[in-house]
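# Fold and geometry: a report
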Amino acid sequence: MSLVSLHNLAFAYDTQPVLEHVSLEVNEHDFLAIIGPNGGGKSTLLKLMLGLLKPTQGSITLLGTTPSAARHDVGYVPQNTNVNTDFPVKVLDVVLMGNGAEHHPLFGYGIEEKACAMEALQQVGMEDFAARRIGDLSGGQRQRVMIARALCRRPKLLILDEPTASIDATGQKEIYDLLKRLNDAITVIVVSHDLSVILGYANKAAYVNRTLTFHDISDKSHIFHTHGQTDDHLCEIDILEMLGGESCDVCNNCDDKGGAA
Amino acid sequence: MIDALSFTFVQHAILAGILVSLAAGIIGSLIVVNRMVFLAGGIAHTSYGGIGLAVFFGLPIFLGASLFAVAAAILVAWLTLHQRERIDTFIGLIWAVGMAIGVILVDLTPGYNVDLMSYLFGSILAVETGDLMFMGVLLAFIVGIVTLKYRDILAVSYDPEYALLRGINVPLIYTTILILSALTVVVAIKVVGLILVIALLTIPVYIAERLSGSLAGMMMISGGLATLFTLGGLVFSYLYNLTSGASIILVSAAFLGVFLVVWKR
């Protein structure tokens, strides 16, 4: 079943085109990595999927409906979670913010909302930290709390913007292992500079630089052997170029309109 | 000292100090966590335009100042939501233009020699019964809104983009915080004056931020500290015959200094 469907999408800030001819299908239980250079339009693409921006052309279907209508079934983890660390707020209260604005009790949170938030904290292994102040956590722990906040509504789709940007290597692996575990039940879309996510976790990759090039990478051995990479060392730049390349003959499912502009 | 308590104006001063301090603790917390201190400063100063307006048209001072400050708050909210990158320039403009309007309107008022100093630095010893009622109603209003909208206010203050995604009306909450700030500034003018109000809104909050684990706790501790500082400042100004508004601020600042030295986290 197709969970996300972008068809011939274009977006421009004023007259500056940011995205053009973007088409993409994401199926249930996919783990899609979105990669590409800074300023290439990755974050814009996420904002379009979240309904924070409206496309200038083309259509977006999320969970069979529009992005704004699907919002309640989509969990989102924003890029920078190290802001506002002085804010006096407990971990559980941050997770509770994942609940929506509609039909809530006159004051505070309902019993069900609290139970759901605790369950989300358990899913990310942070239940022992529920009463701690958010600023007292490490970057990796805080990122897991943000994932719990996104899980608070039991979403069908989880979208993360550079979830490991400010975390050390151990923390990064923990985050990706967690996402892999969640991926059993939830479709995951992650924007990342980090290639280990593509090689170790994702089954689909999309290279975004104004246009989008799509790759099915569920069988990783395909990526390398036809590109003459004989030694064990793989330069990250090589892989990025490979995934962004126009005539990439390894992809099973290249978008016709894709390729570098 | 004790016999001073039998005077009505002293009783009024104490009551006004408590009411305004509690409002300042709640609203100051929201101003600090939303990084709106400069915005609140602009609204405080521009409200002098409302004082000039009230003097010129013969309206009650609180009414004129409230209308002007609320209008400024709505303008600031609109600018923040639509012209975010130039907001500091606009606040600077609003800050000075409001004061200039006030000065000119007072100039134009025939035969009236307004005591500018009492608005700039407060006149807590001249609080009347009507003022107290206005302060009481405002405090009840603030407590009511913050209680009913607490989870939305918390979500918007902590992470506005995420709050928007969860369907919370972020511009409405943001504008509400600014309007409540404007009204709090107006009542605080009586106690510490419009120039010093920003200290009453920030010093107790800065201390409370370190002592509390939640926004609600921060509001309560701030309110308590602000009350302590205001009453302490009043005693100080009574004992040494000094200006009350400035005494309140210096008592707060002295306490903050001690706190920063003693408190290690």
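All figures in this text were calculated on a predicted structure; none of them were measured in a lab.

Below, the discussion takes up the layout of surface pockets. Its boundaries defined by the atoms lining it, the largest pocket holds a volume of some 880 Å³. In terms of lining, the largest pocket is formed by 32 residues, of which the most central are B:Arg84, B:Val156, B:Asp159, B:Pro160 and B:Glu161. Secondary-structure elements contributing two or more residues to the lining of the largest pocket are α1 (42-50) and α5 (139-151) of chain A together with α3 (61-82), α7 (150-158), α8 (160-165) and α9 (170-191) of chain B. With four residues, α1(A) is the single largest residue contributor to the lining of the largest pocket.

All names here are of chain B. Following both chains from N to C, one finds helix α10 (residues 197-211) and helix α11 (residues 215-240) inclined at 130°, their axes separated by 8 Å at the closest point. When the axes of α10 and α11 are compared, the pair comes out oblique. Crossing hand, α10 versus α11: right-handed. Across from Leu200, Ile203, Pro204, Val205, Ile207, Ala208, Glu209 and Leu211 in α10, the residues of α11 making contact are Met218, Ile221, Ser222, Leu225, Ala226, Phe229 and Thr230. Grouping the amino acids of the contact of α10 with α11 by side-chain chemistry returns twelve nonpolar, two polar and one charged.

It is worth spelling out the side chain of A:Arg71 at this point. Relative to the helices and strands, A:Arg71 resides in the loop between α2 (67-70) and β5 (74-77). Not counting chain neighbours up to four residues away, the residues in contact with A:Arg71 comprise A:Leu50, A:Gly51, B:Leu164, B:Leu165 and B:Arg166.

Our next topic: unusual backbone geometry. Note: most peptide bonds trans; most residues except glycine with negative phi. All names here are of chain A. Unusually for a residue other than glycine, Asn8 sits at a positive phi of about 45°. Relative to the helices and strands, Asn8 is located in strand β1 (residues 2-13). With a phi close to 50°, Arg154 is a non-glycine residue in the positive phi region. In this fold, Arg154 is placed in the loop between α5 and β6 (157-161).

Counted under the stated rule, the structure contains three cavities of 30 Å³ or more. One number sums up the size of the largest cavity: a volume of about 70 Å³. Every residue along the wall of the largest cavity is listed here: A:Met49, A:Leu50, A:Leu62, A:Pro67, A:Arg71, A:Val74, A:Tyr76, B:Tyr162, B:Leu165 and B:Arg166. Counting residues per element, the ones that place at least two in the lining of the largest cavity are α1 and β5 of chain A together with α8 of chain B. Of the residues assigned to the lining of the largest cavity, the class counts are eight nonpolar, no polar and two charged.

With that settled, consider the pairing of β5(A). Residue and element names in this part refer to chain A. By the alternation rule, side chains of β5 split into Val74 and Tyr76 and Gly75 and Val77, which are all buried. In this structure, β5 lies alongside β6, joined through four bridges in parallel fashion. Paired with Gly75 across the bridge in β6 is Leu158.

For the rest of this paragraph, the subject is the packing of aromatic side chains. Under the defined criterion, the tally for this structure stands at ten aromatic pairs over all chains. Plain terms: the ring middles of B:Phe62 and B:Phe134 are 4.7 Å apart, the flat faces sit at 25° to each other, and that makes the pair stacked. Separated by 72 residues along the polypeptide, B:Phe62 in helix α3 and B:Phe134 in helix α6 (residues 129-148) bring together distant segments of the chain. Note on B:Phe62: relative accessible area 12%, which makes it buried. Considering the side-chain rings of B:Phe259 and B:Trp263, the 5.6 Å spacing of their centres and the 10° angle between planes classify their relative orientation as stacked. Judged by relative accessible area, which is 32%, B:Trp263 ranks as partly exposed. Looking at A:Arg149, its charged tip hangs above the ring of B:Tyr162, at a distance of 3.6 Å from the centre.

Let us look at the interface of chain A and chain B. Counting residues at the interface gives 36 residues for chain A and 26 residues for chain B. Each partner contributes to the roughly 2800 Å² buried at the junction of chain A and chain B, and carbon and sulfur atoms together form 55% of this total. A per-residue breakdown of the area chain A buries against chain B is headed by A:Phe87, A:Pro88 and A:Met97, which together make up 22% of the total. At the junction of chain A and chain B, the tally comes to two salt bridges. For B:Arg151, the salt bridge is made with A:Glu113, and the minimal N-O distance between the two is 3.1 Å. Taken together, the connections running from chain A to chain B amount to eight residue pairs in polar contact (both at pLDDT 80 or more). At the level of elements, α1, β5, α3 (91-96) and α5 of chain A are the ones that each hand at least two residues to the side of chain A that touches chain B. Per-element accounting of the side of chain A that touches chain B gives the leading share, three residues, to α5(A). In the side of chain A that touches chain B, the residues fall into 18 nonpolar, seven polar and eleven charged.

Here is what the cut-offs are and how they apply
Residues numbered from 1 in each chain as written. Chains lettered and ligands numbered in written order. Predicted model: local features only at pLDDT ≥ 70, side-chain atom pairs only at ≥ 80, totals over all residues. Heavy atoms only, no water. 1 Å grid on protein atoms, 1.4 Å probe; cavity = no way out; pocket = protein on both sides within 12 Å on 5 of 7 lines; lining within 4 Å. Points joined across faces, edges and corners; volume = space filled by probe spheres on them. Helix = DSSP H or I, 4+ residues; strand = E, 2+ residues; numbered from the N terminus. Axes fitted to C-alpha atoms, helices over the stretch in contact; angles between N-to-C directions. Parallel < 35°, antiparallel > 145°, perpendicular 65-115°, else oblique. Left-handed = near helix turned anticlockwise from the far one by under 90°. Contact = heavy atoms within 4.5 Å. Nonpolar A, V, L, I, M, F, W, Y, C, P; charged D, E, K, R; others polar. Buried < 20%, exposed > 50% of the residue type's maximum accessible area, 1.4 Å probe, protein only. Pairing = 2+ DSSP bridges. Phe/Tyr/Trp six-rings, centres within 6.5 Å; stacked < 30°, edge-to-face > 60°. Lys NZ or Arg CZ within 6 Å of the ring centre and 35° of its normal. Buried area = accessible area lost by both parts, 1.4 Å probe. Salt bridge = Lys/Arg side-chain N within 4 Å of Asp/Glu carboxyl O. Polar contact = N/O pair within 3.5 Å; in protein donor to acceptor, adjacent residues only side chain to side chain.

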